[in-house]
Amino acid sequence: MALRNVLKDEDPILRKKSREVKEVTDRIRTTMKDLVETMRFYRGVGLAAPQVGTLRRMFVAEPSPGEVYYMINPEIIEEEGTVSDTEGCLSIPDFYGTVERPEKVRIKALDMNGEEREYTFEGFAARVMCHETDHLDGILYSDKAVEMHTVEQELERLNQKVKEEDKERVKEEKEQAKQAKKAAKAAKEAEKAAAAAEEE
Ligand code: NI
């Protein structure tokens, strides 16, 4: 296995259409393993062959840690719903963008043994698979992004999100405290009423 050099966005190779894999040979398998090593080294969740200069229709993806998919000649055969979210790419370092993707996809692809398999992916995993499949047609996510932002802006956005969630939590806690106070008052009044009733 070997670490490969990841091409960056201005490289014209990233804009080319990759060719179909005719046969899953040892050479193809080695490239796929190199893709996994390189993807993990750079802490990516997916890496397509053209990103390392190999214009073949294949990619690897690891949407959750330890769950590696080897996709050769992948084809999206069904799409369902749409969802807008943030994504990045090892070929476009220091940036993120908001892209609309299908919520659910069905994909057929050859595995490392050259066997055809079908998969269903949802949410983030579906997003990763669509992003990587696009690379095979020379499409970068920045082509589809409704908005691009830097790493700093992404961190700021996440911090803001945390703050807003905190605000929500504080509001909830305040509401709970108010309810508890009300309940205590009601209990006291009920006690008082009961005592008064006993005196009579
Ligand atoms: Ni990418």
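For the structure itself, look to the data block above.
Residue positions are given per chain, counted from 1 along the sequence in the order it is written. The predicted origin of the model limits local features to residues at a pLDDT of at least 70 and limits the giving and counting of side-chain atom pairs to 80 or more, whereas totals for whole chains, interfaces and linings rest on all residues.

Teacher, can you tell me more about the overall build of the protein here?
Each helix and strand in the protein was counted, giving 4 helices and 8 strands. Where helices and strands are cited, they refer to DSSP runs of H or I of at least four residues and of E of at least two residues respectively, numbered from the N terminus. When its helices and strands are written in sequence order, the protein yields α-β-β-β-β-β-β-β-α-α-β-α. The reference for a compact globule is 2.2 Å times residues^0.38; the radius of gyration itself is calculated from the C-alpha atoms. Here the C-alpha atoms of the protein give a radius of gyration of 26 Å, more than 25% beyond the 16 Å that 2.2 N^0.38 yields for 200 residues. Counting only C-alpha atoms, the protein reaches 95 × 35 × 30 Å along its principal axes. For every residue pair, C-beta atoms are placed from the backbone, and the pair is scored as a contact if these atoms sit within 7 Å. In the protein, the proportion of contacts linking residues at least 24 apart, taken out of those at least 6 apart, comes to 65%.

Got a minute to help me understand the sheet that holds strand 3 (residues 69-80) in this structure?
Pairing is antiparallel in the open sheet, where 5 strands are placed in the order 1-2-3-6-7. Every other strand in the sheet has two partners, leaving strand 1 (46-48) and strand 7 (116-122) as the edge strands with one partner each. Along the sheet, successive strands turn relative to each other by an average axial angle of 40°, direction set aside. Relative to strand 6 (residues 104-110), strand 3 runs antiparallel, the two sharing 6 bridges. Note on pairing: two strands pair once DSSP finds at least 2 bridges between them. Note on geometry: axes are C-alpha line fits, over the in-contact stretch for helices, and angles between N-to-C directions span 0 to 180 degrees.

Before we go on, may I ask you to explain the nonpolar core in this structure?
Ranked by size, the top nonpolar core spans 33 residues in total, and within it Phe 59, Val 60, Ala 61, Met 71 and Met 129 carry the most contacts. Secondary structure elements with two or more residues in this core: helix 1 (26-41), strand 1, strand 2 (58-61), strand 3, strand 6 and helix 2 (123-135). Ranked by residues supplied to this core, first place goes to helix 2 with 5 residues. Once you skip the residues sitting within four places of it in the chain, Val 60 turns out to touch Met 32, Leu 35, Val 36, Met 39, Gly 46, Leu 47, Val 68, Tyr 69 and Tyr 70. What makes a nonpolar core is a set of buried Ala, Val, Leu, Ile, Met, Phe, Trp, Tyr and Cys residues, with links drawn between C-beta atoms within 7 Å. The burial criterion counts other C-beta atoms lying within 10 Å of a residue's C-beta, which is placed from the backbone; the residue is buried at 20 or more, exposed at 12 or fewer, and partly exposed between these limits.

I tried to follow the sheet that holds strand 4 (residues 83-87) on my own but got confused; where do I start?
What links the strands of a sheet is backbone hydrogen bonding, and the strands pair in either a parallel or an antiparallel sense. Read from one edge of the open sheet, 3 strands run 4-5-8, paired in antiparallel fashion. The two strands at the open ends of the sheet, each matched to only one other strand, are strand 4 and strand 8 (147-150). On average, each strand axis in the sheet is tilted by 25° relative to the strand beside it, whichever way the strands run. The pairing of strand 5 (residues 95-101) with strand 8 spans 4 bridges and is classified as antiparallel. Looking at the pairing, Gly 97 lines up with Met 148 of strand 8. Against the sheet, helix 4 (residues 151-199) makes contact with strand 4, strand 5 and strand 8, and its axis sits at roughly 95° relative to strand 8, the strand it touches most.

What is the right way to look at the environment of Glu 67 in this model?
Along the polypeptide, Glu 67 turns up in the loop between strand 2 and strand 3. Judged by the 9 C-beta atoms lying within 10 Å of it, Glu 67 falls in the exposed class. Spatially, the C-alpha atoms of Glu 67 and Glu 198 are 70 Å apart, while their sequence positions differ by 131 residues.

None of this, on its own, says anything about what the molecule does.
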